[in-house]
Amino acid sequence: MGPVRRTFPILLLLPLFLAACGTGSTETATQCQTYWFDQIGACLPGTWKLLDAAELAQRGVPEDVIIAFQSDTSVSGQFPTISVTREALSAVVLPADYSDATIRSVSVLPGYKLVDQKKVTIDGVSLPVHVFFAQPVTGEPQRRFLQVSTVVGQNGYTVTALTPLTVSNALESEILTILGSITFKAPETNS
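Definitions and limits used
Residues numbered from 1 in each chain as written. Predicted model: local features only at pLDDT ≥ 70, side-chain atom pairs only at ≥ 80, totals over all residues. Heavy atoms only, no water. Helix = DSSP H or I, 4+ residues; strand = E, 2+ residues; numbered from the N terminus. Buried < 20%, exposed > 50% of the residue type's maximum accessible area, 1.4 Å probe, protein only. Contact = heavy atoms within 4.5 Å. Areas by Shrake-Rupley, 256 points an atom, 1.4 Å probe, with all protein chains shown as cover. Disulfide = S-S within 2.5 Å. Expected span 1.5 Å × (residues − 1). Salt bridge = Lys/Arg side-chain N within 4 Å of Asp/Glu carboxyl O.

Chemist: Got a minute to help me understand the overall build of the protein chain in this structure?
Modeler: When helices and strands are tallied, the protein chain shows four helices and nine strands. Mapped in sequence order, the helices and strands of the protein chain form the string α-β-β-β-α-β-β-α-β-β-β-β-α. A burial count over the protein chain gives 48% of its 191 residues as buried. Restricting to contacts in the protein chain with at least 6 residues of sequence separation, those with at least 24 account for 60%. Counting only carbon and sulfur atoms, one obtains 52% of the accessible surface of the protein chain, whose full area is about 9200 Å².

Chemist: Would you take a moment to explain the state of the cysteines for this structure?
Modeler: Note on terminology: a disulfide is the covalent bond linking the sulfur atoms of two cysteines. Going through the model one piece at a time under the given rule, you end up with one disulfide. Between the sulfur of C32 and that of C43 lies a disulfide, 1.9 Å long from S to S. Residues C32 and C43 share a disulfide whose torsion about the S-S bond is about 100°; that sign makes it right-handed. Placement of C32 in strand β1 (residues 32-37) and of C43 in strand β2 (residues 40-45) is noted, with a sequence separation of eleven residues between them. Taking relative accessible area as the criterion, C32 reaches 31% and is therefore assigned partly exposed. C43 sits in the buried class, given a relative accessible area of 9%.

Chemist: Whenever I open this one, helix α3 (residues 95-106) confuses me. Can you help?
Modeler: For an α-helix the count is 3.6 residues per turn, leaving residues at separations of three or four pointing the same way. The end-to-end C-alpha distance of α3 is 17 Å, a good match for the 16 Å that twelve residues give at a rise of 1.5 Å each. Taken together, the buried positions of α3 are occupied by P95, Y98, S99, A101, T102, I103, S105 and V106.

Chemist: What should I look at first to understand the pattern of salt bridges in this one?
Modeler: Working definition: two side chains of opposite charge can pair if their charged atoms are close together. Summed over all chains, the structure comprises four salt bridges. R143 serves as the salt-bridge partner of E140, at 3.1 Å between the closest nitrogen and oxygen. Residue R143 is classed as buried on the basis of its relative accessible area, which comes to 5%. Between R144 and E172 there is a salt bridge, with its nearest N and O atoms 2.5 Å apart. Of this pair, R144 sits in strand β8 (residues 143-152) while E172 sits in helix α4 (residues 169-181), and the two are 28 residues apart along the sequence. By relative accessible area, R144 is classed as buried at 11%.

Chemist: Whenever I open this one, unusual backbone geometry confuses me. Can you help?
Modeler: Backbone geometry follows two general trends: most residues other than glycine have a negative phi, and most peptide bonds adopt the trans configuration. Positive phi, close to 55°, is recorded for S76, a residue that is not glycine. Relative to the assigned elements, S76 resides in the loop between β4 (65-71) and β5 (81-88). The exposure class assigned to S76 is exposed, which follows from its relative accessible area of 61%. If you check the backbone angles, D123 has positive phi at about 50° while not being a glycine. Structurally, D123 is set in the loop between β6 (113-122) and β7 (125-134).

Listed below in structure tokens is the structure:
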């Protein structure tokens, strides 16, 4: 029942990430820079930036969002965003079971429609990327979500990308690159 409690509120607030200003085109990003952000690593294409904690707090994002990334390039006046939430689990759960529970929890959202399911590997575990449309906020436009969930220790993590309904292949490739690069294993330091 945990993923329902944690996933739904963040989906309601994700439209706050999408600022309706400007227009632009999405560039093909074939390279990315690997970063380690305290407890999570990712490879970000040059057009993506980290949203700091102050910016997240100012936007009213819940505390379970531990990190968020946003594209510098707008699509239909919106800036694609990826957020990572963390949920403390009361019992040991397999990553695949947590992923399935998260998929079930969002399938009840208003306007839900399954679009696709892709695969990524996070720290050696193959997991589905659930691609769907939903309209979690009445009066807001329907959006496209790409979401993958996993478990590390006693915590469940859900990585959610939010975009307009129609995106270029290049932008989807950037998002899948980021989702596939997510790691919870700290890089080795040379002493």
